[in-house]
Amino acid sequence: MANGIIIIDKPADWTSMDVCAKLRGILKTKKVGHAGTLDPMATGVLPVFVGQATRAVSFAESGEKEYVATLRLGLVTDTQDTSGHTLAESPVTVTADDVAAALPAFTGDITQIPPMYSAIKINGQKLYDLARQGREVERKPRPVTIYELELLEQLSPADYRLRIRCSKGTYVRTLCHDIGQVLGCGGCMASLRRTMAAGYTLDESHTLEQVQAQGEALLRPVDTLFRQHPAYHITHPRVEQLCRNGNAFTVKTPLDGGIYRVYGTEGDFLCLSRLENGQMTSIKNFFGA
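Residues numbered from 1 in each chain as written. Predicted model: local features only at pLDDT ≥ 70, side-chain atom pairs only at ≥ 80, totals over all residues. Heavy atoms only, no water.

Colleague: I keep staring at the pattern of salt bridges and nothing clicks. Help me out?
Modeller: Charged atoms that come close allow side chains of opposite charge to pair. Applying the stated criterion to the full structure yields 13 salt bridges. In this structure, arginine 173 engages aspartate 39 in a salt bridge whose closest nitrogen and oxygen atoms are separated by 3.3 Å. Note that arginine 173 is positioned in helix α5 (residues 172-183) and aspartate 39 in the loop between β2 (32-34) and β3 (43-50), a separation of 134 residues in sequence. Using a relative accessible area of 5% as the deciding quantity, one classes arginine 173 as buried. A relative accessible area of 33% places aspartate 39 in the partly exposed class. Residues joined by salt bridges that share partners form a network here, namely Glu64, Glu66, Glu148, Glu150, Arg163 and Arg165. (Salt bridge = Lys/Arg side-chain N within 4 Å of Asp/Glu carboxyl O. Helix = DSSP H or I, 4+ residues; strand = E, 2+ residues; numbered from the N terminus. Buried < 20%, exposed > 50% of the residue type's maximum accessible area, 1.4 Å probe, protein only.)

This is the structure in structure tokens:
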């Protein structure tokens with residue numbers, strides 16, 4: 001069975017689940033999941049987990065993400081992007097300097113009201129299902145963090161390219177909408193490309209055509225997801241057995257506390273673990289992944 005992570009450069013007009021379905025066929029396995037949904041109009045980095053590597057999906061979803069988006073001023077839609085129905089149009093008189101001056105207010109810890117066209121559930125119903133019925137319900141503001149927000153270039157009198165590095169749960173189209181509100185002319189998102197997710201970048205991604213041609217050869221080991229953490233190599237079979245049985249074990253080497261990638265005596269990636277007070281305790285086992 002195929003096991004590992006494959007970084008897809010998602011094409012436009014595909015859902016994230018469409019990509020998973022395609023990969024199930026190519027790799028001939030049912031166990032395929034993705035981390036961090038991209039809307040159909042969006043392109044870019046979509047980490048896909050195959051086989052035993054699906055155990056790691058939750059770790060990938062919580063990380064920082066980076067996007068390049070086009071902000072279109074003067075247009076407000078019901079979906080907060082150009083795929084929706086127009087609610088209002090306004091003349092655009094602001095300048096690039098005005099746009100740049102508005103961005104610091106959206107940097108750091110902010111709150112967003114989730115758009116109606118989103119998969120968030122309220123009272124068991126997805127917001128986009130309610131929106132398609134013409135209904136709108138009250139949504140509570142949600143905290144998110146915008147680590148970096150940069151104006152890259154002006155594309156036209158109304159279009160501006162932004163780079164956004166943000167936390168899980170950030171709606172870039174809501175960010176574009178809110179910036180447009182502050183500038184007084186309204187705004188929405190005209191394009192979105194994810195350039196980084198779960199630590200993986202566009203340079204590490206592959207098209208579906210490349211996956212069709214090369215298949216399992218493009219899978220990367222699950223431990224690459226945790227490459228920001230130092231490695232710890234077990235040297236004694238008895239200690240490895242303790243680890244494989246889910247037990248904590250003592251680390252006699254003086255090491256800083258924190259999270260480690262733990263490997264067995266043969267170099268197999270065993271688990272993601274936490275070292276505290278000389279005891280290494282598994283956070284998640286990945287035997288065979």
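Colleague: So what exactly am I meant to see when it comes to the state of the cysteines here?
Modeller: Here is the idea: a disulfide is a covalent bond, and it sits between the sulfur atoms of two cysteines. In this structure the tally under the stated criterion is 0 disulfides. With no disulfide partner, cysteine 243 has as its closest neighbouring cysteine sulfur the one in cysteine 271, 3.5 Å distant. Given a relative accessible area of 2%, cysteine 243 falls into the buried group. (Disulfide = S-S within 2.5 Å.)

Colleague: Looking at this model, I keep getting lost on the pairing of strand β11 (residues 159-166). Mind explaining?
Modeller: Looking along a regular strand, one sees the side chains alternate between the two faces of the sheet. A large share of β11 lies buried, amounting to 6 of its 8 residues. As judged from the 8 bridges shared by strand β4 (residues 65-73) and β11, these two strands associate in the antiparallel manner. Its bridge partner lying in β11, glutamate 66 is registered against arginine 165. Pairing geometry for strand β10 (residues 142-154) and β11, over 7 bridges, is antiparallel. (Pairing = 2+ DSSP bridges.)

Colleague: So what exactly am I meant to see when it comes to unusual backbone geometry here?
Modeller: Backbone geometry at glutamine 80 places phi at a positive 70°, although glycine is not the residue there. Mapped onto the fold, glutamine 80 is located in the loop between β5 (75-77) and β6 (86-89). Glutamine 80 gets classed as buried once you look at its relative accessible area, which sits at 9%. One non-glycine residue, asparagine 277, lies in the positive phi region at around 55°. Structurally, the position occupied by asparagine 277 is in the loop between β17 (269-276) and β18 (279-285). Looking at asparagine 277, the relative accessible area reads 78%, which means it is exposed.

Colleague: In this structure, what is going on with the pairing of β3? I would like to understand it.
Modeller: Here β3 lies mainly inside the structure; 8 of its 8 residues are buried. Summarising the sheet, strand β1 (residues 4-10) and β3 pair through 7 bridges and their orientation is antiparallel. Following the sheet pairing, isoleucine 6 is matched in β3 by valine 48. One ladder, built from 3 bridges, connects β2 with β3; its direction is antiparallel. Bridge pairing in β3 links histidine 34 to valine 48. The sheet contact formed by β3 and strand β12 (residues 187-197) spans 2 bridges and is parallel. By the bridge assignment for β12, glycine 44 is matched with arginine 194.

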